[in-house]
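If you want the building blocks of each chain, they are given just below.
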Number of protein chains: 6
Amino acid sequence: MPRPDGRVNDQLRHVRIQRGWLDHAEGSVLVEFGGTRVLCAASVQDSVPRWRRDSGMGWVTAEYAMLPRATNTRNDRESVKGKLGGRTQEISRLIGRSLRACVDFKALGTNTVTIDCDVLQADGGTRTAAITGAYVALADAVTWMRDKRLTKGDPLLTSVSAISVGVVEGEARLDLCYAEDVKADTDMNVVCTGDGRLIEVQGTAEGVPFSREELNQLLDLAQLGCADLTMMQKEALAR
Amino acid sequence: MPRPDGRVNDQLRHVRIQRGWLDHAEGSVLVEFGGTRVLCAASVQDSVPRWRRDSGMGWVTAEYAMLPRATNTRNDRESVKGKLGGRTQEISRLIGRSLRACVDFKALGTNTVTIDCDVLQADGGTRTAAITGAYVALADAVTWMRDKRLTKGDPLLTSVSAISVGVVEGEARLDLCYAEDVKADTDMNVVCTGDGRLIEVQGTAEGVPFSREELNQLLDLAQLGCADLTMMQKEALAR
Amino acid sequence: MPRPDGRVNDQLRHVRIQRGWLDHAEGSVLVEFGGTRVLCAASVQDSVPRWRRDSGMGWVTAEYAMLPRATNTRNDRESVKGKLGGRTQEISRLIGRSLRACVDFKALGTNTVTIDCDVLQADGGTRTAAITGAYVALADAVTWMRDKRLTKGDPLLTSVSAISVGVVEGEARLDLCYAEDVKADTDMNVVCTGDGRLIEVQGTAEGVPFSREELNQLLDLAQLGCADLTMMQKEALAR
Amino acid sequence: MPRPDGRVNDQLRHVRIQRGWLDHAEGSVLVEFGGTRVLCAASVQDSVPRWRRDSGMGWVTAEYAMLPRATNTRNDRESVKGKLGGRTQEISRLIGRSLRACVDFKALGTNTVTIDCDVLQADGGTRTAAITGAYVALADAVTWMRDKRLTKGDPLLTSVSAISVGVVEGEARLDLCYAEDVKADTDMNVVCTGDGRLIEVQGTAEGVPFSREELNQLLDLAQLGCADLTMMQKEALAR
Amino acid sequence: MPRPDGRVNDQLRHVRIQRGWLDHAEGSVLVEFGGTRVLCAASVQDSVPRWRRDSGMGWVTAEYAMLPRATNTRNDRESVKGKLGGRTQEISRLIGRSLRACVDFKALGTNTVTIDCDVLQADGGTRTAAITGAYVALADAVTWMRDKRLTKGDPLLTSVSAISVGVVEGEARLDLCYAEDVKADTDMNVVCTGDGRLIEVQGTAEGVPFSREELNQLLDLAQLGCADLTMMQKEALAR
Amino acid sequence: MPRPDGRVNDQLRHVRIQRGWLDHAEGSVLVEFGGTRVLCAASVQDSVPRWRRDSGMGWVTAEYAMLPRATNTRNDRESVKGKLGGRTQEISRLIGRSLRACVDFKALGTNTVTIDCDVLQADGGTRTAAITGAYVALADAVTWMRDKRLTKGDPLLTSVSAISVGVVEGEARLDLCYAEDVKADTDMNVVCTGDGRLIEVQGTAEGVPFSREELNQLLDLAQLGCADLTMMQKEALAR
């Protein structure tokens, strides 16, 4: 069975990383994975959360959200409903945790970087696009901080990228679009460092439980995908 | 005193209206008034609110929101705070009311069009840019509906555009940017129909109370600005 | 067409301003515009909001609310629903903004005056009655403060009153009652200073868009109405 | 020690019951116990809560609230805070329960009467004034219903009144004002039927635990007070 | 009519008080009144609420809650609903008030003890079981504090226990189980000190109003029940 | 380095599964993994969520929560705060998803089973204990349903258990207690079917990113642990 958009199984969608999309943010990126479009804005604040005080260390956190009409049918706003959904909070936590894995908090100084990841359009893989774009926005914010002499040494230990993989129609596939995502038997999100180690592995049997073999196949695919994304991040940051 | 961006007093900022910015929405527009950038997405639903049932008439409503880092410093998300601010609700109500003034609800059929106006970047005049863009998104959604034979005749009685005007440093100025907005003595938002009549006039003395003469001067300026915007809307819809 | 209560078009309803209606508040007024009855209570606090600190200036704010059975049919309480409606917040902001236009914040000292405007009974024009009554309550609170030597000079630059006007059945009318309000084509609320300048003009096309001529006619009517209200405020404060 | 307002221990404050204070409500009463002033509005609705359907019986419920400046210092609004305080809910439940004790729900028909008790000014005993006034508002609403032939027989089995009693400075006193309430060792609210039976007894040791003797003394006082209030309710309803 | 579980009218259900049920809490008790099972955990904190500061006195507070499936049919969680029910807050307030009646706050030092009472299973009398168990948990927490030298003298003036009584099928009965509670005409909760004085009396006519004679009969029964519970508390604390 | 409780690296803590801990629930289990104690209650309802209607299929969902003093220091209640934390929702979603992987929804009939997992005491691994206990409670509820002839065939496709694993002090360890959890470099939760396939794998680099080798080592350990838990579940269900 061919993929909906004609890709081969180990092929990423068209990825586009536009830096400096916003005038005010210390770092900002519009990242696209095919039809998925996420605006990542990094904001620097010269203080840390209360529980972090007196540690001499900084903090990095993230918030993920989706515009009401990012999806095929309109979703009610969480601000109007008056509460955050579980999915929103779960992804916000994942993004923050993933980015923190690449940060030296001593070097960051007693500053907080908040990365807002707002999904303008969704076509599968919004959380992995968000992490991949957020890293670039964070890198730009760190450069801004370095120019202001707010850091002590290099706060970025490595880079971070993320990709989704899944078993669809019996085949392991990279970077699922929405049409594939909804019929995947197994769905996995993998976050990697720039040097290929793992930060987060979240595999879920949506339909049928999966074996260690399938897990390994998916991880192989994901690590290749993340290596490609790492290169695209480097190129974007070099521009 | 020259204006911060060198414009003359009766000059609009650079206005850009990009249609079809989203794949899923029945109508979508990215509208820019200088540095102000608002994404307007129109969603069509084949039902009406409960209180509207059995009337045979449709409904149009709008929701306005701002991304956390649209502004110079980051604002907390209303979804995280768990409640909508007064300003957000006030502007949402204004946009919905303004658009409804141009709609024939019988012709719209028993459908609801919701226009989401999300400010991606703010530099003054976000509500007027939102109304101006929202009309174009609404027009595209109405075309989509007409193609699906969901309407009965033309639901759009006229077009709608909006502009801010204000007294800054003793001078009446058109389309205030943020730097002007914060020091304006009088601040006014005006919503007009395509044929120059008034839908909404909201004038506020921020500093010094104003006279009928000043009010008239501002209204003259606003009606000229709206006439220009009406032409740009027509051009955008003709593309 | 005669008006529902037999008034001529430029006639106010019976206005009654009772000062000192509450024992505890530093200023309190029960204001009636015909069947509309609003209790305005001014509370003085010897501190200012956080963002106002170190400015040496005071603050004036207002909260508007309606009792559940102020209206023809009972409305659910916003406290029970757990959130403030958009209309409530919008009117609270309008009242606060209007009162602040008449205050010299340096002279007020680092104090906050909060004016609670609770609608006990509603028959149209609740926001304009609230503003008109709130000014008198504020004036009484300022006298109380002056007696306690909390002010530095006179904090009141002018007086403030407000009235609604509208186009009903093709005629410009002053001080709409509820029965007129619901069928008005254009509805406008105007806030004036005691010397006839404008603080706030909010005109809305409920049905048909309006022309500059209609706007002017309504403004003429409103400024006359506010002048009458200014006199009644003076008389009430002189008693 | 004399009481703050010079009353003897078994003396009620000046009680005033004004019927028909509101134009829209089916029953409305402004009740005063000295400086305590509560507006009670009864609203009739021709339906019952979901859990009550198919029972053929009606329902009576109540909501209690206090205006922000009813008290000596201003309290934040529960609608602004976004949640109801425990005290508010507790008193609302007490008022509803007390009124229901006098209602024949079969005779009421499948209607709901909601009694809103809004404290305009507080000087102790707000909940007992509210119950006493609410009964009169309920009686007026029932008369209104009877005139509309919405009832089947007499829905009111008896009348209901309530009073506070307490041990202050070692003495049992009737109808405590605020100054007495805050220093009472024991504080009790008693709700009685018109024929002297008990509907609710809520006694609390604020300072020192109390004995059966003290309890009995307080109950004697309360039953006398309620008998007086019953007469005043009858007189008010006869006017 | 025999009671559902065969008890005589003045007989308590099987009461079991297990201390030290939790490893972390400074005091913890699993208390059972028949099928009613409440976990009471006392937490000591070396600070007091803001309004209590600079008083040199401590504070005791309580929170009551019920697990969703404590009851016969599942109830929605209040955390999911996003607000506390009136009943929950009312009982939390009652427990806190009852415990505070036995505490010398000077001797407690500037510490706060919070007692969480979580109903694991409900079969009537959950609030009285909670108070009875909470006192034992408090006593253990106070012992823990004394060992840490956090107290100044003995903070416990007396012990506290509570029981429900009611008129069921015309008979005064002690310690109602759920099946009796739902059909009781009068329902009363009584909180006593260890030496038999009263802290709280809350009697409610659920069906028919009650007389002083019935009230007295119920109080006699309740005081006997509380005396028994006091002994069981002593035995539990002596183990 | 020995483990805090003296276990070897591939050793589970003492696991105890008590069925029938509650009288009302259709299935209930008190599960203990060492000091971690979770009460799992399964509730059967003869309907399905709205979005599931007309599918002929049932539903299984779960809610996870922690008592305030389950932990070393007291946490504020989410019901009092008025919103669910991200962690709570994330774990609730994980438990529900894991259980659904073992259910044949056609066979379940149009019924919903809700599993409440309330942590009475926490010492690491609360979510894995919850899943392991919840399966047993679900199995008991399914038996109850089968006895009532509410099912069509066997709704349970397999069993489900879960365990945590982690890299602590450079060693892969099974079933981390809290003291190990806080210092783990990598932390992973694994959910398995009774026949050893994977339902969910969630690995997180808390400190240092991890390699595929480490991941494999942890998965080996987890699958062994789940196999042991599967046997204990069988034994418990056979009792």
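In the annotation of an unreviewed UniProt entry, the entry for chain A reads Ribonuclease PH, and the organism field reads Actinocorallia herbida. Looking at the Subunit (unreviewed entry) heading of the UniProt record, one finds this comment for chain A: "Homohexameric ring arranged as a trimer of dimers." The Catalytic activity (unreviewed entry) field of the UniProt record for chain A holds the comment "tRNA(n+1) + phosphate = tRNA(n) + a ribonucleoside 5'-diphosphate".

**Student:** Give a detailed account of the overall build of chain A, specifying residues and quantitative values.
**Tutor:** Scanning chain A for helices and strands turns up six helices and nine strands. On C-alpha atoms alone, chain A measures out to a radius of gyration of 18 Å, which is about the 18 Å that the 2.2 N^0.38 rule sets for 239 residues. Principal-axis analysis of the C-alpha atoms gives chain A an extent of 55 × 40 × 35 Å. Classification of the 239 residues of chain A by burial places 62% in the buried group. A total of about 9,100 Å² of accessible surface is found on chain A, and carbon and sulfur atoms cover 48% of it.

**Student:** Provide a residue-level description of the relation of the copies chain C and chain D, including the pertinent values.
**Tutor:** Screw-axis analysis of chain C against chain D gives a translation of 0.0 Å along the axis, an RMSD of 0.0 Å, and a rotation angle of 180°. Expressed as an axis order, the relation between the two copies is that of a two-fold axis. When C-alpha positions in chain C are compared against the rotation axis, the closest is assigned to C:Ser79, at 1.8 Å. Interface residue correspondence from chain C to chain D reaches 100%, placing this contact among same-surface, isologous pairings.

**Student:** Give a description of the UniProt feature "domain: Exoribonuclease phosphorolytic" (unreviewed entry) in chain A that names residues and reports values.
**Tutor:** Residue and element names in this part refer to chain A. Per the UniProt record, "domain: Exoribonuclease phosphorolytic" (unreviewed entry) is found at residues 11–141 and 160–223. Note that residues 11–141 is 30% helix and 31% strand, and that its end C-alpha atoms are spaced 30 Å apart. Annotated as 25% helix and 45% strand, the span residues 160–223 places its first and last C-alpha atoms 12 Å apart.

**Student:** Account for the sheet that holds strand β4 (residues 59–66) of chain B, with residues named and values stated.
**Tutor:** All names here are of chain B. Pairing is mixed in the open sheet, where five strands are placed in the order β1-β2-β3-β5-β4. Pairing within the sheet leaves two strands with one partner each, and these edge strands are β1 (15–19) and β4. Taking each pair of neighbouring strands and ignoring which way they run, the sheet shows an average axis angle of 15°.

**Student:** I'd love a proper account of the interface of chain A and chain F, names of residues and values included.
**Tutor:** In many reports, interface size means the accessible area that the parts give up when they come together. If you look at the interface, chain A gives 28 residues, while chain F gives 28 residues. Of the roughly 2,600 Å² buried between chain A and chain F on both sides combined, carbon and sulfur atoms contribute 47%. Three residues, A:Glu90, A:Leu198 and A:Arg212, lead the burial of chain A against chain F; their summed loss comes to 24% of the area buried on that side. Run the count over chain A and chain F and you get four salt bridges. For F:Asp220, the salt bridge identified is with A:Arg212, shortest N-O distance 2.9 Å. Counting across the interface, chain A meets chain F through 18 residue pairs in polar contact (both at pLDDT 80 or more).

**Student:** Give me the lowdown on the relation of the copies chain A and chain F, citing residues and values where you can.
**Tutor:** By a simple turn and slide, chain A fits onto chain F: the slide is 0.0 Å along the axis, the RMSD is 0.0 Å, and the turn is 180°. When the interface residues of chain A are mapped onto chain F, 100% of them again fall at the interface, so both copies present the same face.

**Student:** So, the packing of aromatic side chains: which residues are in play, and what are the values?
**Tutor:** Tallying each qualifying case throughout the model produces 15 aromatic pairs over all chains. Summarising the aromatic geometry, the rings of C:Trp59 and C:Phe105 are spaced 5.8 Å apart at their centres and angled 25° between planes, so their arrangement reads as stacked. Linking C:Trp59 in strand β4 (residues 59–66) with C:Phe105 in helix α3 (residues 105–108), this pair joins segments that are 46 residues apart in sequence. Assigned by exposure class, C:Trp59 and C:Phe105 land together as buried. Measuring from centroid to centroid gives 4.7 Å for D:Trp51 and D:Trp59, while their planes differ by 85°, and the two rings are edge-to-face.

**Student:** Summarise the confidence of the model for chain A; cite the residues concerned and give the values.
**Tutor:** Taken residue by residue, chain A gives an average pLDDT of 97. The fraction at 70 or more is 100%. Both scores are given for the predicted complex: the pTM is 0.94, the ipTM 0.95.

**Student:** Which residues make up the interface of chain C and chain D, and what values do they have?
**Tutor:** Every contact between the two is made by 34 residues of chain C and, on the other side, 34 residues of chain D. Sorting the residues of chain C by area buried against chain D places C:His24, C:Arg69 and C:Arg77 first, and these three jointly supply 24% of that buried surface. Summed over the shared surface of chain C and chain D, the result is 23 residue pairs in polar contact (both at pLDDT 80 or more). When grouped by side-chain class, the residues that make up the side of chain C that touches chain D number 16 nonpolar, eight polar and ten charged.

**Student:** Which residues make up the pattern of salt bridges, and what values go with them?
**Tutor:** Counted by the stated rule, this structure contains 150 salt bridges over all chains. With a closest N to O distance of 2.5 Å, C:Arg74 and D:Asp116 form a salt bridge. Of this pair, C:Arg74 sits in the loop between β4 and α1 (78–81) while D:Asp116 is found in strand β5 (residues 112–121), placing the two residues in two different chains. With relative accessibility at 21%, the residue C:Arg74 sits in the partly exposed group.

**Student:** Mind laying out the sheet that holds strand β8 (residues 186–193) of chain F, listing which residues take part and the relevant values?
**Tutor:** Strand order in the open sheet made by the eight strands is β7(A)-β6(A)-β8(A)-β9(A)-β9(F)-β8(F)-β6(F)-β7(F), with antiparallel pairing throughout. Of all the strands in the sheet, the pair left with one neighbour each is β7 (171–174) of chain A together with β7 (171–174) of chain F. Strand-to-strand twist across the sheet, computed as the mean angle between neighbouring axes with direction ignored, equals 15°. Pairing of strand β9 (residues 198–205) of chain A with strand β9 (residues 198–205) of chain F involves five bridges; the strand directions are antiparallel. In the strand pairing of β9(F), A:Gln202 is matched with F:Gln202. Across the sheet, helix α2 (residues 86–100) of chain A touches β6 (160–168), β8 (186–193) and β9 of chain A together with β9 of chain F, and the angle it forms with β9(A) is around 150°. Contacts from helix α6 (residues 212–238) of chain A reach β6, β7, β8 and β9 of chain A together with β9 of chain F within the one sheet, and its direction differs from that of β6(A) by about 145°.

Rules of the game
Starting from 1, residues in each chain are numbered consecutively following that chain's sequence as written. By the order in which they are written, chains take letters starting at A while ligands take numbers starting at 1. Predicted model: local features are reported for residues with pLDDT of at least 70 only, side-chain atom pairs are reported and counted for 80 or more only, and whole-chain, interface and lining totals are derived from all residues. The basis for the side-chain values is all heavy atoms of the structure; hydrogens and waters are excluded. UniProt positions are given in the numbering used here, feature names are shortened, and annotations may be inferred rather than shown by experiment. Only DSSP runs of H or I covering at least 4 residues are called helices, and only runs of E covering at least 2 are called strands; the numbering of each starts at the N terminus. Note on method: radius of gyration uses C-alpha positions; expected globular size equals 2.2 Å times residues raised to 0.38. A 1.4 Å probe rolled over the protein chains alone gives each residue an accessible area, and that area as a share of the maximum for its type sets the label: buried under 20%, exposed over 50%, partly exposed in between. Only the protein chains shown count as covering a residue, and every accessible area follows the Shrake-Rupley method with a 1.4 Å probe. Least-squares superposition of the copies uses the C-alpha atoms of those residues scoring a pLDDT of at least 70 in each of them. We call two residues contacting when some pair of their heavy atoms lies within 4.5 Å. Paired strands, as defined in this entry, are two strands with at least two bridges between them according to DSSP. All axes are obtained by fitting lines to C-alpha atoms, using only the stretch in contact for helices, and the reported angles, taken between N-to-C directions, cover 0 to 180 degrees. By buried area we mean the combined loss of accessible area, with a 1.4 Å probe, across both parts when two parts are placed together. When a carboxyl oxygen of Asp or Glu is within 4 Å of a side-chain nitrogen of Lys or Arg, the pair counts as a salt bridge. Counting of polar contacts relies on pairs of N or O atoms within 3.5 Å, with two restrictions inside protein: one atom must be capable of donating a hydrogen and the other of accepting it, and residues adjacent in sequence are counted only when both atoms are side-chain atoms. Between the rings of Phe, Tyr and Trp (Trp by its six-membered ring), a pair exists once the centres lie within 6.5 Å; its type follows the angle of the planes, with under 30 degrees stacked, over 60 edge-to-face, and the other angles tilted. What pLDDT conveys is the predictor's confidence in a given residue, as a value from 0 to 100. For this classification, Asp, Glu, Lys and Arg are treated as charged, while Ala, Val, Leu, Ile, Met, Phe, Trp, Tyr, Cys and Pro are nonpolar and the rest, including Gly, are polar.

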